[in-house]
Protein chains: 2
Amino acid sequence: MPNEFHVAVLGATGAVGREFISQFERRNFPIKSLSLLASSRSAGQCISYLGGEIVVDAAISDDIKMCDIAFLSAGATLSREFAPAFMAAGALVIDNSSAFRLSPEVPLVVPEVNFAAVKPSDRLIANPNCTAAILLMAVSPLMSLGKVARITLSTYQSASGAGAQAMDELREQTGTVLAGGTANPRVMPHPYAFNLFSHNTPINEHGYNDEEWKVIAESRKMLGLPDLAIGVTCVRVPVMRAHSLSVTVEFDGPAPEVSAVREAMQRASGIKVVDDREANHFPMPLEASGQSEVLVGRIRKDVSHPSAISLFVAGDQLLKGAALNAIQIAEHMIAAGYIHPSNADDE
Amino acid sequence: MPNEFHVAVLGATGAVGREFISQFERRNFPIKSLSLLASSRSAGQCISYLGGEIVVDAAISDDIKMCDIAFLSAGATLSREFAPAFMAAGALVIDNSSAFRLSPEVPLVVPEVNFAAVKPSDRLIANPNCTAAILLMAVSPLMSLGKVARITLSTYQSASGAGAQAMDELREQTGTVLAGGTANPRVMPHPYAFNLFSHNTPINEHGYNDEEWKVIAESRKMLGLPDLAIGVTCVRVPVMRAHSLSVTVEFDGPAPEVSAVREAMQRASGIKVVDDREANHFPMPLEASGQSEVLVGRIRKDVSHPSAISLFVAGDQLLKGAALNAIQIAEHMIAAGYIHPSNADDE
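Position numbers for residues count from 1 along each chain, tracking the sequence in the order it is written. Labels follow written order: the first chain is A, the first ligand is 1, and so on. Local features in this predicted model are restricted to residues of pLDDT 70 or higher, and side-chain atom pairs are both shown and tallied only at a pLDDT of 80 or more, whereas totals for entire chains, interfaces and linings draw on every residue. Each side-chain value is worked out from all heavy atoms of the structure, with water and hydrogens disregarded.

**With respect to the overall build of chain A**
At step 1: From N to C terminus, chain A includes 9 helices and 16 strands.
At step 2: Taking 2.2 N^0.38 as the reference for a compact globule, 347 residues should give roughly 20 Å; the C-alpha atoms of chain A span a radius of gyration of 20 Å, in line with that estimate.
At step 3: Taking the principal axes of its C-alpha atoms as reference, chain A extends roughly 60 × 55 × 45 Å.
At step 4: Burial here depends on accessible area, computed with a 1.4 Å probe over protein chains only, as a share of the maximum for the residue type. Under 20% is buried, over 50% is exposed, and the range in between is partly exposed. Residues classed as buried in chain A amount to 60% of the 347 residues present.
At step 5: Contact between two residues is taken to exist if any of their heavy atoms lie within 4.5 Å; hydrogens are not considered. In chain A, the share of contacts with a sequence separation of at least 24, taken over all contacts with a separation of at least 6, comes to 67%.
At step 6: For chain A, the centre of its 27 positive side-chain charges and the centre of its 37 negative side-chain charges are spaced 4 Å apart. Only DSSP runs of H or I with at least four residues qualify as helices, and only runs of E with at least two residues qualify as strands; both kinds are numbered from the N terminus onward. For this measure, only C-alpha atoms enter the radius of gyration; the expected value for a globule follows 2.2 Å times N^0.38, where N is the number of residues. Positive charges are assigned to Lys and Arg, negative charges to Asp and Glu, while His and the chain termini are left out of the count. For charged residues, the charge sits on one atom: NZ in Lys, CZ in Arg, CG in Asp, CD in Glu.

This is how it looks when you write it as structure tokens:
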């Protein structure tokens, strides 16, 4: 295969980082060399890749080796440090953090929704917040059915959104509680076993937390609708790795028929309709986990509003909400001819 | 105390039944004799009450002993059989099932919301669906701030709403999954450990499940607003015993100020405001469990609609959502002088 790329992953030992590696394998991503980077604390770990093992290196921003594509997944602070360094080394940077998402010159992309926002010369692309990505996968097919006037949603967000440590905490704390012990939160601010709580990010002056504010701002940017009305409540639930959303979409005009919504969802790339009323089978996070597709169901007219339809959605936070979407951005860039492998033989 | 009543509980061995008994003790309910009834399968069990033990009798509808107040909590089919029998025996019947909730001649009551719906002569009162009761506790204080035009909510409902067996299943199945085993649902239709699913009741032709339809119809009846727009999505989450609700209320006219909403909630009986933005401390099911009060927080203007405010609510499904509300109905009936103890000395 001619298109083989020198690829780097920053944050390779995190929950999202590990999904990058397994998605590279599963999707046969055209990799010539793979450099795995993390904090010095995690450096030296070995990660399996295609039957071999790769030693994780400590990331040092003034020592970035030549690279074609860099996936950054180590938080906004490190992205601000490392994105310029990778770009200087010639890389296309796809950044999973919030650092550049709202910068006007940086495209914020879910390929199925707005790959058209990318220019051939772009070398820094932002990957959206996981909830925004999963939401827009479900909402985007509706845009062809009418003018969307308002979106309201309540979320059911999994532990994975807070990282591998939060998943461990949910697992361990639940075991402790089942054994009759007491929850002692360390990673999360509140007991997590058999409990749920408002999303653990700071609250702004409007009474919205950071996660909710990201969903609003990022969805507006990706849809190109800077004034779109979006009401959102983000909640953390004791689920391991997929996010679920209860969504209502109000149109400017009468709501489309349920059959038209179902057909639009079935036609849409990356969506799987799970909507069996007879069997009471609808999107569930357990079934969304490990899946590339976002599950959409409970498609119905909102009986409280003549212009609204309601949906229930579940998507893997680590995949379409993070690693998979970032890789798909790169795949679309490759397919569009926006990036080419460097000619260097070494890394 | 002169007002001492012969009391019966049908369904005494269920999750709600056991809460009746502990609430009788905690609230010092004026009981002269307590008769605990259940199916013949559960008869013979001993239940502690005030330091003694009461043997559960098999319920036989043509052998109902004299009784002043009967609390029915054994499902709609048994309520239809036993309510007339208890009424014939002279009892005030407070029914926890859905059997009579929508009958025009039967008051459906949350005392803080609509005790005025009860006439002195009423001898059958329906206790609402748990989600409707908790919702109306939070919405009712808003009615004084403007005309409510639409309510939308998404729920986070606990295992207790499906009974003691569902709670056991959640506990056992979670242990199995933590030990590396596979979930084998028996009580619930889907795996429950670290998962969530659309409420496990049949779906009607509008695409709504029974639980959602109850929330709509019962809320309208209790508020006396038969056409009120209510949009609802009911979801079962892996939480043990309190229900949480993400609620948006749209007014006919501008939304009230957050401070006015908070004050109305603080004035309301049975509500505890948990709304600490600094500490990121809002209503959680774990903190609502075992509490008489319904917790209300995340009070904010809905940024997506000029007439709407949003709330997050948590209430103990077994208490305000069931046993406690039923007992409070009886307490209000006693305080209002609508019932008096019979003079019989035996039971």
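Read on for the rest.
**Quick look at the sheet that holds strand 13 (residues 242-251) of chain B**
Residue and element names in this part refer to chain B.
At step 1: An order of 11-9-13-16-15-14 is seen for the 6 strands of this open sheet, with the pairing classed as mixed. The open sheet has two edge strands with one neighbour each: strand 11 (229-233) and strand 14 (271-273). Mean inter-strand twist for the sheet, computed between neighbouring axes without regard to direction, equals 25°.
At step 2: Paired strands are those between which DSSP finds at least two bridges. In terms of strand pairing, strand 9 (residues 148-156) meets strand 13 through 8 bridges, oriented antiparallel. Its bridge partner lying in strand 13, leucine 153 is registered against valine 247.
At step 3: Axes here refer to lines fitted to C-alpha atoms; in helices the fit is confined to the stretch in contact. Angles between the N-to-C directions go from 0 to 180 degrees. Along the sheet face, helix 6 (residues 210-223) touches strand 9 and strand 11 and points at about 150° away from the line of strand 11.
At step 4: Running over the sheet, helix 7 (residues 258-267) touches strand 14, strand 15 (294-301) and strand 16 (308-316) and is turned about 170° from strand 15.

**Notes on the nonpolar core**
At step 1: Among buried residues, the Ala, Val, Leu, Ile, Met, Phe, Trp, Tyr and Cys ones that are joined through side-chain atoms within 4.5 Å form a nonpolar core. Counting 58 residues, the largest nonpolar core has Phe86(A), Val247(A) and Leu311(A) as its most contacted members.
At step 2: Top element by residues in this core is helix 4 (residues 130-139) of chain A. It accounts for 8 residues.
At step 3: If we skip the residues at most four places from it in the chain, Val247(A) touches Leu135(A), Val139(A), Ile151(A), Thr152(A), Leu153(A), Ile309(A), Ser310(A), Leu311(A) and Val313(A).
At step 4: One finds Leu72(B), Ala99(B), Leu135(B) and Val215(B) within the second-largest nonpolar core, a separate group that totals 57 residues.

**As for the pattern of salt bridges**
At step 1: Any carboxyl oxygen of Asp or Glu that lies within 4 Å of a side-chain nitrogen of Lys or Arg is treated as forming a salt bridge with it. A full pass over the atoms with the stated rule returns 32 salt bridges over all chains.
At step 2: Glu212(A) serves as the salt-bridge partner of Arg298(B), at 2.7 Å between the closest nitrogen and oxygen. In this pair, Arg298(B) is assigned in strand 15 and Glu212(A) in helix 6 (residues 210-223), connecting two distinct chains. Assigned by exposure class, Arg298(B) and Glu212(A) land together as buried.
At step 3: Among the ionic pairs, Asp302(A) bridges to Arg150(B), the shortest N-O distance being 2.8 Å. Of the two residues, Asp302(A) is situated in the loop between strand 15 (294-301) and strand 16 (308-316) and Arg150(B) in strand 9; the pairing between them involves two chains.
At step 4: The exposure class of Arg150(B) is buried, given its relative accessible area of 4%.
At step 5: Salt bridges here are not isolated pairs; linked through shared partners, they connect Arg150(A), Glu250(A), Asp302(A), Arg150(B), Glu250(B) and Asp302(B).

**What to know about the pairing of strand 3 (residues 46-49) of chain B**
Side chains on a regular strand alternate between the two faces of the sheet.
At step 1: Only one face of strand 3 of chain B is buried, namely the one carrying Ile47(B) and Tyr49(B), since none of Cys46(B) and Ser48(B) on the opposite face is buried.
At step 2: Where strand 3 of chain B folds back on strand 4 (residues 52-55) of chain B, the antiparallel hairpin that results is connected by 2 residues, among which Leu50(B) adopts a positive phi of roughly 50°.

**Some remarks on the side chain of Ser42(A)**
Residue and element names in this part refer to chain A.
At step 1: Position of serine 42 among the secondary structure elements: in the loop between strand 2 (31-38) and strand 3 (46-49).
At step 2: Look at serine 42 and you get buried, because its relative accessible area is 9%.
At step 3: A polar side-chain atom of serine 42 sits 3.4 Å from a polar atom in the side chain of threonine 13.
At step 4: If near-sequence neighbours (up to four positions away) are discounted, serine 42 is found in contact with Thr13 and Val56. Pairs of N or O atoms are called polar contacts if they sit within 3.5 Å, as long as, within protein, a hydrogen donor faces a hydrogen acceptor (for residues adjacent in sequence, only side-chain-to-side-chain pairs).

**Focus on the packing of aromatic side chains**
Residues and elements named next belong to chain A.
At step 1: Two rings from Phe, Tyr or Trp (for Trp, the six-membered ring) form a pair when their centres sit within 6.5 Å of each other. Planes less than 30 degrees apart are called stacked, planes more than 60 degrees apart edge-to-face, and all others tilted. Going through the model one piece at a time under the given rule, you end up with 21 aromatic pairs over all chains.
At step 2: Seen in terms of ring centroids, tyrosine 208 and tryptophan 213 are 5.5 Å apart; in terms of plane orientation they differ by 45°. Their pairing is tilted.
At step 3: For tyrosine 208, a relative accessible area of 0% gives the class buried.
At step 4: Owing to a relative accessible area of 32%, tryptophan 213 belongs among the partly exposed residues under this scheme.

**Section: the side chain of Arg150(A)**
At step 1: A distance of 2.7 Å separates the side chain of Arg150(A) from the side chain of Glu250(B), its partner in a polar contact.
At step 2: For Arg150(A), the side chain forms a polar contact with the side chain of Asp302(B), separated by 2.8 Å.
At step 3: Excluding anything up to four places from it in sequence, Arg150(A) contacts Leu228(A), Ala229(A), Thr248(A), Val249(A), Glu250(A), Arg150(B), Thr248(B), Glu250(B), Asp302(B), Ser304(B), His305(B) and Ala308(B).

**Let's talk about the relation of the copies chain B and chain A**
What connects the two chain copies is a rotation about an axis and a shift along it.
At step 1: The copies were overlaid with a least-squares fit restricted to C-alpha atoms from residues scoring a pLDDT of at least 70 in each copy. Its rotation angle being 180°, the transformation that places chain B on chain A also includes 0.0 Å of axial translation and leaves an RMSD of 0.0 Å. The operation mapping one copy onto its partner corresponds to a two-fold rotation axis.

**Let's talk about unusual backbone geometry**
A negative phi angle characterises most non-glycine residues, just as the trans form characterises most peptide bonds.
At step 1: Non-glycine residue Asn28(A) carries a positive phi angle of around 55°.
At step 2: Its place among the elements puts Asn28(A) in the loop between helix 1 (15-27) and strand 2.
At step 3: Using a relative accessible area of 63% as the deciding quantity, one classes Asn28(A) as exposed.
At step 4: With phi around 55°, Phe194(B) is a residue other than glycine that occupies positive phi space.

**Thoughts on the interface of chain B and chain A**
At step 1: Between chain B and chain A, the residue contacts involve 62 residues of the former and 62 residues of the latter.
At step 2: The quantity reported as buried area is the accessible area (1.4 Å probe) lost by two parts once they are put together, taken as the sum for both. Each partner contributes to the roughly 4700 Å² buried at the junction of chain B and chain A, and carbon and sulfur atoms together form 58% of this total.
At step 3: Of all residues in chain B, Phe194(B), Leu196(B) and Asn280(B) give up the largest surface area on contact with chain A, accounting jointly for 14% of the area buried on that side.
At step 4: Linking chain B with chain A are 6 salt bridges, by the criterion used here.
At step 5: Counting the contacts that link chain B with chain A gives 32 residue pairs in polar contact (both at pLDDT 80 or more).
At step 6: Residue polarity follows a fixed list, in which Ala, Val, Leu, Ile, Met, Phe, Trp, Tyr, Cys and Pro are nonpolar, Asp, Glu, Lys and Arg are charged, and the others, Gly among them, are polar. A class-by-class count of the residues in the side of chain B that touches chain A yields 28 nonpolar, 24 polar and 10 charged.

**Some remarks on the packing of helix 4 of chain A against helix 6 of chain A**
Residues and elements named next belong to chain A.
At step 1: Where helix 4 meets helix 6, the axes come as close as 8 Å, and the angle between the chain directions of the two elements is 45°. It follows that helix 4 is oblique to helix 6 by the angle criterion. The hand of the helix 4/helix 6 crossing is right-handed. Across the interface between the two elements, Cys130, Thr131, Ala132, Leu135 and Leu136 of helix 4 pack against Glu211, Val215, Glu218, Ser219, Met222 and Leu223 of helix 6. Here is the rule for angles: anything less than 35 degrees is roughly parallel, anything more than 145 is roughly antiparallel, 65 through 115 is roughly perpendicular, and the remaining ranges are oblique. If you view the pair so one helix is near and one far, a crossing is left-handed when the near helix is turned anticlockwise from the far one by less than a right angle, and right-handed when it is turned clockwise.

**Some words on helix 7 (residues 258-267) of chain A**
Residues and elements named next belong to chain A.
At step 1: Listing the buried residues of helix 7 in full gives Val258, Val261, Ala264 and Met265. Within helix 7, the buried residues cover an arc of 125° as seen down the axis, which keeps them to one side. Residues of helix 7 that are exposed and point more than 90 degrees away from the buried face comprise Gln266 and Arg267.
At step 2: Buried-residue contacts for helix 7 involve helix 4, strand 14 (271-273), strand 15 and strand 16. As used here, the arc is the angular range of directions from the helix axis to the C-beta atoms.

**Topic: the environment of Asn114(A)**
All names here are of chain A.
At step 1: Looking at the element boundaries, asparagine 114 is found in helix 3 (residues 111-114).
At step 2: For asparagine 114, a relative accessible area of 9% translates into the label buried.
At step 3: Distance in space between the C-alpha atoms of asparagine 114 and alanine 85 is 27 Å, their sequence separation being 29 residues.
At step 4: Beyond its immediate chain neighbours, meaning those up to four positions away, asparagine 114 contacts Leu108, Val109 and Met222.
At step 5: At a separation of 2.7 Å, a polar atom in the side chain of asparagine 114 contacts the main-chain carbonyl oxygen of leucine 108.

Limitation: the analysis is restricted to geometry and does not speak to function.
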